[in-house]
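# Geometric and topological summary
What follows is the residue order along each chain.
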Amino acid sequence: MEAKPRLPDDRVNLPSSHPLADAGQLIAFVVALGLLLFAAVAYSVELVVWLLPHDTEVRLAHELWPAEEPTADDAERHEKLQALVEALASGWPDNPYRLQVRIAREEQPNAFALPGGLVLVTEGLLDSAESENELAFVLGHEIGHFRGRDHLRGLGQGLLFQLVLASIGVGGGDIRLLGDTGLIAGLSFSRDQERAADRFGLELLQHHYGHAAGAGIFFERVASSDPVHTSMPTFISTHPDPRERAAEIRKLAAQRGYRLQGRLRPPL
Amino acid sequence: MVDLIVLLVLLLVTYGTGRWFEQRHFESIRQREAQLLPLLTSTLSTIPSSAPVERSEMVCGSVVVSLDYFKRFIAGLRGIIGGRIKPYEPLLDRARREAMLRMRERARAEGFDMVVNVRLETSRLASAAADGKRTAGVEILAFGTAVKLAAAG
Amino acid sequence: MILSNLEEVPGRQIVEFYGVVSGSTVRAKHIGRDFMAGLKNLVGGELKGYTELLHEAREEALARMTQQAQSVGANAVVNVRFSTSSVAQGAAELFAYGTAVRVE
């Protein structure tokens, strides 16, 4: 036997495609798969949401968010706020919820609609509102979300997405990024939902005051101020463009014959 | 959104650094393989020569190669959809060849003519920090018997 | 290409000997197989999904080794050995190596 050492072709064990091209393809495929999954989840949640009875929702909510009594110095403001919410809600005759309002100790002006009929407003919102009418519009908007059961849908989507990801074993490290994104996507409402909530807020305002002055002023103020320096950055980032919403409101008011001017009541 | 941008930047940067190390390593490997070509290697236990053996000794070479973020990320995605993890293949190839080269360099340094009955062992070093789930590196060990033939005449 | 895991090809003579050749591939299993494996771990039995996967990977590793052997002009690979190792969670490296020779 004769020894003839030779070097074998080393390209055999190396991939022939460029790693970045391969990575790009892979990422695109996984993203497409993720989107498909998200769509499937959204659709199935849509079906469930309408089937959930209101009293079950209220019961669940009270277990998840145990009621926190407001402190003594807030009590007066809280009473007025509660009265305002209830007065506004009288414009919704089919209201199945016993609406409750809570004040969150946060400087950023914001308002949330939580399952079970809980309306959360921040101290920041109460302080920055220049009239009761403005505040009433924001509250009316949140009540509008309850009517569309938007809060349930968003939460349900977020939760289900997380659940699906966890069940297929994806949950650690960088892939968790996808899960968080899914949750955030679930918490923000769609354009249509926002538009419907704005519309309902407008109706409630008209019903309560006889005019819709609060809505007009609110958006004018938000739209005219520089987005960077506005006093309501959080509110804006979780909602669509204020200029668009202002235009929608004006259009709707004109359609329904609501007046956007009127006497404003002092803030709470 | 910021998280995604950070992720992309990290991926591109680690891809770049990983590739740079890889290219350099491959160049070095190819050079040394060409140099060491006369030093026979075989996985057979028989010696490919009729000349008598002067001395022999077991030699080994090993190397631990680390994974970079880009490779790990791709492996993570492949863990979902399955298939070949292409970035790992050059990694293991160079680790193997490096281990073999080190073994042969050792043999040459000691004055041997060839290495026979070469065996290769691969093992994964798990990261203690991530509960043993993350791979800290891959170790490849090459070992065989180095043989020196008696000089002719 | 003749493959043998003996040190020789039975009935033939090795006339030239070229050196070590190898073929490897790294494969990951997908979520579906993982899920099925999880279920099988409850009831027992063969994990057909994994068997198939590793079989395919091994075939590919052998094919690559054969390709390397061809590139040095060999017509047989003797003393073929396999090595399977875990390189990442849920991924395995299949490695086949042997000595490329010419037999007559």
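Bear in mind the structure is a predicted one, so any value in this text is a computation, not a measurement. Numbers given for residues are sequential positions, taken from 1 along each chain in its written order. Here the convention is simple: chains get letters from A, ligands get numbers from 1, in the order in which they are written. Side-chain atom pairs in this predicted model are given and counted only at pLDDT of 80 or more, local residue features only at pLDDT of at least 70, and totals for whole chains, interfaces and linings cover all residues.

The next point concerns the overall build of chain C. Across its full length, chain C holds two helices and four strands. Secondary structure is summarised from DSSP: a helix means a run of H or I of at least four residues, a strand means a run of E of at least two, and numbering begins at the N terminus for each. N-terminal to C-terminal, the α/β element order of chain C is β-β-α-α-β-β. Placing C-beta atoms from the backbone, we regard two residues as in contact once those atoms come within 7 Å. Restricting the contact set of chain C to residue pairs at least 6 apart, pairs at least 24 apart contribute 75%.

Here the focus is the interface of chain C and chain B. Facing 28 residues of chain C, the contacting portion of chain B comprises 28 residues. For the side of chain C that touches chain B, the elements supplying multiple residues, two or more each, are β2 (14–30), β3 (76–88) and β4 (91–103) of chain C. Here the side of chain C that touches chain B gets ten residues from one element, more than from any other, and that element is β2(C). Taken together, the two bridges between strand β3 (residues 82–84) of chain B and β2(C) define a ladder with antiparallel strand orientation. Bridging across to β2(C), B:Arg84 finds its partner in C:Arg27. Strand pairing is assigned whenever DSSP detects at least two bridges linking the two strands.

Moving on, we come to the interface of chain A and chain C. Contacts between chain A and chain C engage twelve residues on the former and 16 residues on the latter. In this sheet, β2(C) lies alongside strand β1 (residues 2–3) of chain A in parallel orientation, the contact comprising two bridges. Following the sheet pairing, A:Glu2 is matched in β2(C) by C:Glu16.

A word on the environment of C:Gln89. Mapped onto the secondary structure, C:Gln89 falls in the loop between β3 and β4. Taking C-alpha positions, C:Gln89 is 9.8 Å from C:Lys29, a pair spaced 60 residues apart along the chain.

For helix α1 (residues 31–43) of chain C, which comprises 13 residues, the first-to-last C-alpha distance of 19 Å matches the rise-based estimate of 18 Å (1.5 Å per residue) to within 8%. Of the residues flanking the end of α1(C), it is C:Gly44, one or two places downstream, whose phi is positive at about 90°. One less than the residue count of a helix, multiplied by 1.5 Å, gives the span that helix is expected to have.

Residues and elements named next belong to chain B. The sheet built from four strands is open, its strands ordered β1-β4-β5-β2 with mixed pairing. Strands at the two margins of the open sheet, each flanked by one partner only, are β1 (40–41) and β2 (53–66). As defined by bridge partners, β2 adjoins strand β5 (residues 135–149) across 13 bridges and the pair is classed as antiparallel. Bridge pairing in β5 places Arg55 opposite Lys148. Angles here are taken between N-to-C directions and fall from 0 to 180 degrees, while the axes themselves are lines fitted to C-alpha atoms, restricted in helices to the stretch in contact. Across the sheet, helix α3 (residues 88–109) is in contact with β1, β2, β4 (114–126) and β5; its angle to β2 comes to roughly 150°.

Turning our attention to the confidence of the model for chain C. Residue and element names in this part refer to chain C. The quantity known as pLDDT measures the predictor's confidence residue by residue, on a range of 0 to 100. Here chain C shows a mean pLDDT of 87. Residues at 70 or above account for 100%. By mean pLDDT, α1 is the weakest element of chain C at 74, and strand β1 (residues 2–3) is the strongest at 92. Here the predicted complex scores 0.67 on pTM and 0.80 on ipTM.

Residues and elements named next belong to chain C. Exposure classification rests on a simple neighbour count of other C-beta atoms within 10 Å of a residue's own: a residue reaching 20 or more is buried, one at 12 or fewer is exposed, and one in between is partly exposed. C-beta atoms are placed from the backbone. Burial within β2 is extensive, with 14 of its 17 residues counted as buried. Relative to β4, β2 runs antiparallel, the two sharing 13 bridges. Among the inter-strand pairings, Ser24 is bridged to a residue of β4, identified as Phe95.

This part is about unusual backbone geometry. Phi is positive for B:Asn117, which is not a glycine, with a value near 50°. Looking at where B:Asn117 falls in the secondary structure, it is placed in strand β4. Among the residues examined, B:Asn117 registers 18 C-beta atoms within 10 Å and is labelled partly exposed. At C:Asn79, a residue that is not glycine, the phi angle is positive and equals roughly 55°. If you trace the backbone, C:Asn79 turns up in strand β3.

Membership of the largest hydrophobic core comes to 57 residues, with the highest contact counts inside it found for C:Met65, C:Val77, C:Val87, C:Ala91 and C:Val101. Once you skip the residues sitting within four places of it in the chain, C:Ala91 turns out to touch B:Ala75, B:Gly79, B:Ile85, C:Val26, C:Arg27 and C:Ala28. Connectivity within a nonpolar core runs through C-beta atoms within 7 Å, and the core itself is a set of buried Ala, Val, Leu, Ile, Met, Phe, Trp, Tyr and Cys residues. One finds A:Val101, A:Val138, A:Phe146 and A:Ile249 within the second-largest nonpolar core, a separate group that totals 33 residues.

For any two helices packed against each other, one specifies the inter-axial angle together with the distance between the axes. All names here are of chain B. Axis separation between helix α1 (residues 2–36) and α3 bottoms out at 10 Å; the angle between their running directions is 40°. Relative to α3, the crossing made by α1 is left-handed. Contacts between α1 and α3 involve Glu22, His25, Phe26, Ile29, Arg32, Glu33 and Leu36 on the former and, on the latter, Pro90, Arg94, Arg97, Glu98, Leu101, Arg104 and Arg108. Classification used: nonpolar for Ala, Val, Leu, Ile, Met, Phe, Trp, Tyr, Cys and Pro, charged for Asp, Glu, Lys and Arg, polar for all others including Gly. Residues of the contact of α1 with α3, tallied by class, amount to five nonpolar, one polar and eight charged. Crossing handedness follows the turn of the near helix against the far one: under a right angle anticlockwise gives a left-handed crossing, and clockwise gives a right-handed one.

With that out of the way, let us pick up the packing of helix α3 (residues 75–89) of chain A against helix α5 (residues 132–147) of chain A. Residue and element names in this part refer to chain A. Following both chains from N to C, one finds α3 and α5 inclined at 60°, their axes separated by 10 Å at the closest point. One way to sum up the angle between α3 and α5 is to call them oblique. For the pair α3 and α5, the crossing hand works out as right-handed. Residues Leu84, Val85, Leu88 and Ala89 of α3 touch α5, and the partners they reach there are Ala136, Leu139, Gly140 and Ile143. When its residues are assigned to classes, the contact of α3 with α5 shows seven nonpolar, one polar and no charged. Roughly parallel here means an angle under 35 degrees, roughly antiparallel means over 145, roughly perpendicular means 65 to 115, and every remaining angle is called oblique.

Take the sheet that holds strand β3 (residues 111–114) of chain A next. Residues and elements named next belong to chain A. Taken together, three strands build an open sheet; the order of strands is β2-β4-β3 and the sheet is mixed. Looking at the sheet topology across the chains shown, the edges are occupied by β2 (100–104) and β3. Shown here is a sheet whose adjacent strand axes are inclined to one another by a mean of 20°, direction ignored. Where β3 meets strand β4 (residues 118–122), four bridges bridge the pair, whose relative direction is antiparallel. Across the sheet, Leu114 pairs through a bridge with Leu118, a residue of β4. α3 contacts β2 and β4 of the sheet and is inclined by roughly 140° relative to β2. Packing against the sheet, α5 makes contact with β3 and β4, and its axis sits at approximately 25° to β3.

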